[in-house]
Amino acid sequence: MCKQKEIMDGFIEMVTTLIGDKNTQRKCIDEVSIFQDRLGSFGRSLALDSSKTMQPHEWWKIFGCGASNLQNLAMNILSQTSSSGCERN
């Protein structure tokens, strides 16, 4: 359970850092349970199967509609470029 706490603490920190509006922050936190409990489109077998083969940005665009605030956050994070400094060949 300790690892879960660390993950959720990091997630909450990210939400409060990236989302300025307190109401949207609360909605995003509320929507995490929809995702974790696989409710709505998140629980469809197609969503579960597709999560293994689709690009994350496309997956969230298609299956994240039932948690629109979480979807927006995920797509925002996924659209950021990496600043690792690593070159690609």
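Reference entry: report on the structure contained in this document.

Conventions we followed
- Residues numbered from 1 in each chain as written.
- Predicted model: local features only at pLDDT ≥ 70, side-chain atom pairs only at ≥ 80, totals over all residues.
- Heavy atoms only, no water.
- Helix = DSSP H or I, 4+ residues; strand = E, 2+ residues; numbered from the N terminus.
- Buried < 20%, exposed > 50% of the residue type's maximum accessible area, 1.4 Å probe, protein only.
- Contact = heavy atoms within 4.5 Å.
- Areas by Shrake-Rupley, 256 points an atom, 1.4 Å probe, with all protein chains shown as cover.
- Lys, Arg positive; Asp, Glu negative; His and termini not counted.
- Salt bridge = Lys/Arg side-chain N within 4 Å of Asp/Glu carboxyl O.
- Axes fitted to C-alpha atoms, helices over the stretch in contact; angles between N-to-C directions.
- Parallel < 35°, antiparallel > 145°, perpendicular 65-115°, else oblique.
- Nonpolar A, V, L, I, M, F, W, Y, C, P; charged D, E, K, R; others polar.
- Arc of directions from axis to C-beta.
- Core = buried A, V, L, I, M, F, W, Y, C linked by side-chain atoms within 4.5 Å.
- Phe/Tyr/Trp six-rings, centres within 6.5 Å; stacked < 30°, edge-to-face > 60°.

### A look at the overall build of the protein chain
Working step 1: Broken down by element type, the protein chain carries five helices and zero strands.
Working step 2: When the helices and strands of the protein chain are placed in sequence order, the string is α-α-α-α-α.
Working step 3: The buried share of the protein chain, reckoned over its 89 residues, is 24%.
Working step 4: Residue pairs at least 24 apart in sequence account for 39% of intrachain contacts in the protein chain once pairs closer than 6 positions are excluded.
Working step 5: A total of about 6,700 Å² of accessible surface is found on the protein chain, and carbon and sulfur atoms cover 53% of it.

### Digging into the side chain of Glu31
Working step 1: Relative to the helices and strands, Glu31 resides in helix H2 (residues 22–36).
Working step 2: Although buried, Glu31 forms no salt bridge, and the nearest oppositely charged side chain, Lys27, lies 7.4 Å from it.
Working step 3: Residue contacts for Glu31: discarding those within four places in its chain leaves Ala67, Ser68, Asn69 and Leu70.

### Description of the packing of H2 against helix H5 (residues 68–79)
Working step 1: Relative orientation of the contacting elements H2 and H5 amounts to 95°, with a least axis distance of 7 Å. The angle between H2 and H5 places the two elements in the roughly perpendicular class. Residue-level contacts link Thr24, Lys27, Cys28, Glu31, Val32 and Phe35 of H2 to Ser68, Asn69, Leu70 and Leu73 of H5.
Working step 2: Classifying every residue of the contact of H2 with H5 by side-chain character gives five nonpolar, three polar and two charged.

### A few points about helix H4 (residues 56–63)
Working step 1: Buried residues of H4: Trp59, Trp60 and Phe63, and no others. All buried residues of H4 lie within an arc of 95° about the axis, which places them on one face of the element.

### Comments concerning the nonpolar core
Working step 1: The biggest cluster of nonpolar side chains holds 15 residues, and the ones touching the most others in it are Phe11, Val15, Cys28, Trp59, Trp60, Leu70 and Leu73.
Working step 2: Of all the secondary-structure elements, those providing two or more residues to this core are helix H1 (2–18), H2, H4 and H5.
Working step 3: Per-element accounting of this core gives the leading share, four residues, to H5.

### Things to note about the packing of aromatic side chains
Working step 1: According to the stated counting rule, one finds six aromatic pairs in the structure shown.
Working step 2: Aromatic side chains Phe42 and Trp60 sit 5.6 Å apart centroid to centroid with 65° between the ring planes, which places their arrangement in the edge-to-face category. Of this pair, Phe42 sits in the loop between H2 and helix H3 (45–50) while Trp60 sits in helix H4, and the two are 18 residues apart along the sequence.
Working step 3: Judged by relative accessible area, Trp60 falls into the buried class, the value being 12%.
Working step 4: An angle of 85° between the planes, with centres 5.3 Å apart, marks the rings of Trp59 and Trp60 as edge-to-face. This pair shows no difference in class: Trp59 is buried, exactly as Trp60 is.
Working step 5: Through successive ring pairs, a cluster of aromatic residues spans Phe35, Phe42, Trp59, Trp60 and Phe63.

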